[in-house]
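Spelled out from the first residue to the last, the chains are:
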Amino acid sequence: VQLQASGGGLVQAGGSLRLSCAASGRTFSNYAGGWFRQAPGKERAFVSSISRSGGITYYAAPVKGRFTISRDNAKNTVYLQMNSLKPEDTAVYYCAADRSSIRYGSTNPRDYDYWGQGTLVTVSS
C-alpha cells in the first residue's frame, strides 16, 4: 500500500490543522493506521493510532485531549485533527499502516509496514 500524507503547514500557537493520509494500492480497511512525528534532533515518536474499523484509538500523553484520529475507509483515508497546537508540536508528521491482524493500533513504529513521506507542521509562538 502507498501512503500520501498531506495537510501540514505553518500555524500560530492555539491554532488547528487537519492532516490526511490517503492510501492507494490496497484496501486500507485491512490496516491499522498510525501517526508519528519527528522533531529536529529527536527520534520518531508515537502520536496516535487507530484500529482497522476505527473503533479503537490510542494517543500519546502530550496530545491527548487536543488531537483526534479518525478514518474513512470508504475514502481509504486516515485523519489527524490537531487543535490547540503548541510550538512543541512542531515536527514532520508521518502516517503509517500496520497489516497485522492481531494489533489494533500499535504505539511501536517497528510494527508498521508502510510509511508515508511525511508532512511538516510548524507551530509558531
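Scroll up for the structure.
Residues numbered from 1 in each chain as written. Predicted model: local features only at pLDDT ≥ 70, side-chain atom pairs only at ≥ 80, totals over all residues. Heavy atoms only, no water.

Peer 1: Give a detailed account of the nonpolar core, specifying residues and quantitative values.
Peer 2: Counting residues in hydrophobic clusters, the biggest one holds 32 residues, and the most contacted among them are Leu3, Trp35, Phe67, Leu80, Met82 and Tyr93. If one sorts the elements of this core by residue count, strand E9 (residues 91-98) sits on top with 5 residues. Not counting residues within four places of it along the chain, the set of residues in contact with Phe67 comprises Arg37, Val47, Tyr59, Leu80, Gln81, Met82, Asn83, Leu85, Asp89 and Tyr93. (Core = buried A, V, L, I, M, F, W, Y, C linked by side-chain atoms within 4.5 Å. Buried < 20%, exposed > 50% of the residue type's maximum accessible area, 1.4 Å probe, protein only. Helix = DSSP H or I, 4+ residues; strand = E, 2+ residues; numbered from the N terminus. Contact = heavy atoms within 4.5 Å.)

Peer 1: Can you break down the side chain of Thr77 residue by residue, with the values?
Peer 2: Among the structural elements, Thr77 can be located in strand E8 (residues 77-82). At 2.8 Å, the side chain of Thr77 forms a polar contact with the backbone oxygen of Lys75. Excluding residues within four positions of it along the chain, Thr77 makes contact with Ser20, Cys21, Ala22, Phe28, Ser70, Arg71 and Asp72. (Polar contact = N/O pair within 3.5 Å; in protein donor to acceptor, adjacent residues only side chain to side chain.)

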